[in-house]
Amino acid sequence: MTEAKNIVVPGPLARLGEAFAEKGHELYLVGGYVRDVLLVGESKKDVDATTWARPQEIKGILRPLAEHLWTMGERFGTIGAKVGIYDVEVTTYRSDLYTEGSRHPEVTFGESLRDDLARRDFTINAIAASADTGEIHDPFGGRKDLSLGVIRAVGEPLDRMRDDPLRMLRAVRFETTLTTSERPFAITSELEAAIRENAHWLESISAERIREEFEKILVSPNAANGLRALVRLGLMPYIVPEFMETLAVEQDTEFHHKDVFEHTLIVVSNIEWDPDLSDWQFSILRKAAFFHDIGKPRTLVYEHRCTYCGHKSTQKTAGEEECELCGGRTLPKKIHFYGHENVGAHIAKKAMKRLAYPRDDADAVAHLVSNHMRPMGYAVGRDPWSDSAVRRFVRDTYLERGGRVLADVDMLLKLARADITGSAPRRRQIAVTSWESLKDRVDEVRSEDAIEKLESPLDGNQLMQLFGRGPGRWIKPLKDHLEGEVVEGRLGKDDTERATKLAKTYAQEYALFEEE
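Nothing here was measured: the structure is a model prediction, and the numbers come from that model. (Residues numbered from 1 in each chain as written. Predicted model: local features only at pLDDT ≥ 70, side-chain atom pairs only at ≥ 80, totals over all residues. Heavy atoms only, no water.)

## Brief notes about the overall build of the protein
A count of helices and strands for the protein gives 22 helices and 17 strands. Summarising its shape, the C-alpha atoms of the protein cover approximately 85 × 70 × 40 Å along the three principal directions. Looking at the protein residue by residue over its 516 residues, the buried ones come to 50%. For the protein, long-range pairs separated by at least 24 residues make up 66% of all intrachain contacts whose partners lie at least 6 apart in sequence. Surface accessibility of the protein: about 25,100 Å² in total, with carbon and sulfur atoms responsible for 48%. (Helix = DSSP H or I, 4+ residues; strand = E, 2+ residues; numbered from the N terminus. Buried < 20%, exposed > 50% of the residue type's maximum accessible area, 1.4 Å probe, protein only. Contact = heavy atoms within 4.5 Å. Areas by Shrake-Rupley, 256 points an atom, 1.4 Å probe, with all protein chains shown as cover.)

## Overview of helix H14 (residues 340-354)
Across its 15 residues, H14 extends 21 Å between first and last C-alpha, which sits within 8% of the 21 Å expected from 1.5 Å per residue. Taken residue by residue, H14 has His-340, Glu-341, Gly-344, Ala-345, Ile-347, Ala-348, Ala-351 and Met-352 as its buried positions. The arc that holds every buried residue of H14, seen down its axis, measures 165°, which confines them to one face. For H14, the exposed residues lying more than 90 degrees away from the buried face are His-346 and Lys-353. Its buried side turned inward, H14 meets helix H12 (279-291), helix H13 (296-299), strand E15 (329-337) and helix H15 (359-371). Positive backbone phi, approximately 60°, marks Ala-356, located one or two places after H14. (Expected span 1.5 Å × (residues − 1). Arc of directions from axis to C-beta.)

## Let's talk about the pattern of salt bridges
Within this structure, the stated rule accounts for 39 salt bridges. The salt bridge involving Asp-116 is made with Arg-120; its shortest N-O contact spans 2.8 Å. Using a relative accessible area of 1% as the deciding quantity, one classes Asp-116 as buried. The class for Arg-120 is buried, based on a relative accessible area of 15%. Across the pair Arg-209 and Asp-164 runs a salt bridge whose closest N-O atoms are separated by 2.8 Å. Of this pair, Arg-209 sits in helix H9 (residues 207-218) while Asp-164 sits in the loop between helix H6 (157-163) and helix H7 (167-178), and the two are 45 residues apart along the sequence. (Salt bridge = Lys/Arg side-chain N within 4 Å of Asp/Glu carboxyl O.)

Structure below.
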């Protein structure tokens, strides 16, 4: 890697290089494309390139070779093109500067490749390769830092972070996503110091750009290390400040491993990608794991017990208290987080809205967080769940909008399995056995019917015809009642005759039409 003098340039990109050369310009491949080719021998199909040519001339060179062009970034010197299998963005040599308090960079065009590379964030991204010949240009030692696993700023760290404060998040992202068991990456101490001192600069960056970097960290195989770095460097308060409350919040180690913060990192890591999950579902589950216990700090109470009379009470502090019944001394015995799942769901929705996540994403995560304790109810219940209780569980955990499934029992069970992290082996095995039992029960009732799709045998039109009435609020309670009877197994999903009798009985018992 450090000795590489050239890379092999694929045909479509080489032809671009030749076209620019014919017009008297050099074209250089830069950034992630070159970095990844040097690091792992291949790269994605998104390619960044740079040249002295100005945007108008770039368009003229690209047009005969491209399937189509896009010019949204033209005022910043960038022209995009679809060239074969590659999405190429060609940018005129430039320099960017974000002034504090502004979310839009000041862009000026440059004159040389070296000056263009000098403005880039990290040495590993400041390596260029001629699109024409593949010859490498590495004025800042990026190849050496790649081989050593070092995230180092180009030039003075403070200047590079000031140029674009998002680079503070990008440093963590690269440390997280480039790390492998064979070659871990680490941020230099100088760069870490610059980030810690100036984390507040993130306030000038748009929510969408912050979200994009946070998302890449969260879905990385090394997400736990990335989250830990965001906290350590003081960046998390500008992403999800509520998460900082989880630090050093103790909990019962019988059921959960370590404090809330450490437990959360383990649960996030336990959500692993598998072929049954789409990329979107995997992302939703990782976020649900991140937020699942974020409500605990705000719901923490200690169960105290009087050392004299045994009276139990709940207090917000762990210190000794006076018994309200006998005046004796009370000591904390247990920790509780009553309703933390609902508080956590509210925090998740609020935080994801701040980060400009789509509404479907926020609702899916909040739904999983609010229901993540339901499997615990199965585990600790004295009586086994009936089939109807399992069917209700399946339906309650299902969320759909516009024909798109946002969350379902399969996703919730994956989250619940990841949440089993207790340090006591016997307790942990009991929890795993209970989870397996619940999953078997769910699979069993779903094999009989598509539980999530069960509906009232009578639709709104049939109910209006039955009662000789027009549309109104009276329809919903009737449909809900009939649907509930189907879920409970007391009414067949196609039994319209019995549904008619039940509807009439319900309307009479609840006097649905008396006020009219």
